[in-house]
Every structure is written in C-alpha cells, then in structure tokens.
Amino acid sequence: MTAFDIIRHGILPLLFLCLPEMIGVPIWVVWYFVKDVCVVLLVSSSLLFSVGLYKIFYRIHWRMKMEKFEWIRCPVCGNKTRNRIKEDTELKNFPLYCPKCKHESLIEVKDLQITVIK
Ligand SMILES: [Zn+2]
C-alpha cells in the first residue's frame, strides 16, 4: 500500500462523491447520471456475454464440423499429409505427396479405406 494507492482508492472516490455537493448540482441530476451509467454497463456487459456465448458455441459447432474430415496418412512414413478426406470421398489414382518424407505414392480411397497402388 503506497501513498498513491491511498490517494487513488481513498481520497479520489471521496472527492468524486462530494463533487456534486461542492459544485451545487441537485441530487436528481446525480441519480439520472448514475442510472444512465448503470444502463450502459448492463447493456454492454450483456452484449459481451452474448458475444462470448456465441463464440463458444460457434467453436464447438466448427470443431464438430471439422471432425467429419480425416487426414490422409502417408503410406511410407505414417505422417499426416496435407490432404483430407470425408466419409463419402472417392479417389482414383491420386498422387499423394508427403511433405515429411517427400515421397509420392499413388493411392485409391473409398469408404475411408486407403489402398496404395504404387
Ligand atoms: Zn511420408
């Protein structure tokens, strides 16, 4: 607790509380101001809250959508390649290039089953 903290948390709020009384502003003006500040805070917090909820649900939805895809694994080294397949993907004589071991292999894909031709 420094002297700055005492000023910031003790003296300044007291000054702000006494400010309307000191400059002669009626209490109903202070009440309207406080009420408006409360309304603004409530609206912005509920907006932020709903945006947060939307982001969370959008992420879950996006992840579930992504899970329907499967990465094709390299038949040589077993690492993931840059190609993905869906449940209904059909490939014939597809040259699969592996960025890890730099091998290219011809594959066939049907019903998520990958067969190597060459
Ligand atoms: Zn590989």
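Residues numbered from 1 in each chain as written. Predicted model: local features only at pLDDT ≥ 70, side-chain atom pairs only at ≥ 80, totals over all residues.

Visitor: Would you mind going over the overall build of the protein in detail, with residue names and values included?
Guide: Scanning the protein from terminus to terminus reveals two helices and five strands. In sequence order, the secondary structure elements of the protein are arranged as α-α-β-β-β-β-β. Its C-alpha radius of gyration of 32 Å places the protein more than 25% over the 13 Å reference for a compact globule of 118 residues. C-alpha atoms of the protein, sized along the principal axes, occupy 90 × 35 × 15 Å. (Helix = DSSP H or I, 4+ residues; strand = E, 2+ residues; numbered from the N terminus. Rg over C-alpha atoms; globule rule 2.2 N^0.38 Å.)

Visitor: How would you explain the domain arrangement of the protein if you had to name every residue and give the values?
Guide: When its domains are assigned, the protein resolves into domain 1 (3–65) and domain 2 (69–117). Once you take the C-alpha centre of each, domain 1 and domain 2 turn out to be 55 Å apart. (Domains from an automatic or database assignment.)

Visitor: An account of unusual backbone geometry is requested, with residue identities and associated values reported.
Guide: Positive phi outside glycine occurs at Lys-102, with the angle close to 60 degrees. In this structure, Lys-102 sits in the loop between strand E3 (91–97) and strand E4 (104–110). If you check the backbone angles, Asp-111 has positive phi at about 55 degrees while not being a glycine. Structurally, Asp-111 is set in the loop between E4 and strand E5 (113–116). The exposure class assigned to Asp-111 is exposed, which follows from the 8 C-beta atoms found within 10 Å. (Buried ≥ 20, exposed ≤ 12 C-beta atoms within 10 Å, placed from the backbone.)

Visitor: For the pairing of E3, give the residues involved together with the corresponding values.
Guide: Two faces make up the sheet, and in a regular strand the side chains alternate between them. Two strands pair when backbone bridges link them, and E3 and E4 are joined in this way by five bridges, in the antiparallel orientation. Looking across to E4, one finds that Leu-96 is bridged to Ser-105. As consecutive antiparallel partners, E3 and E4 are separated by six residues, and within that stretch Lys-102 has a phi angle of approximately 60 degrees, a positive value. (Pairing = 2+ DSSP bridges.)

Visitor: Can you explain the sheet that holds E5? Please cite residues and give values.
Guide: Strand order across the open sheet formed by three strands is E3-E4-E5, with antiparallel pairing between neighbours. The open sheet has two edge strands with one neighbour each: E3 and E5. For this sheet, the mean angle separating the axes of adjacent strands, direction not counted, is 40 degrees. (Axes fitted to C-alpha atoms, helices over the stretch in contact; angles between N-to-C directions.)

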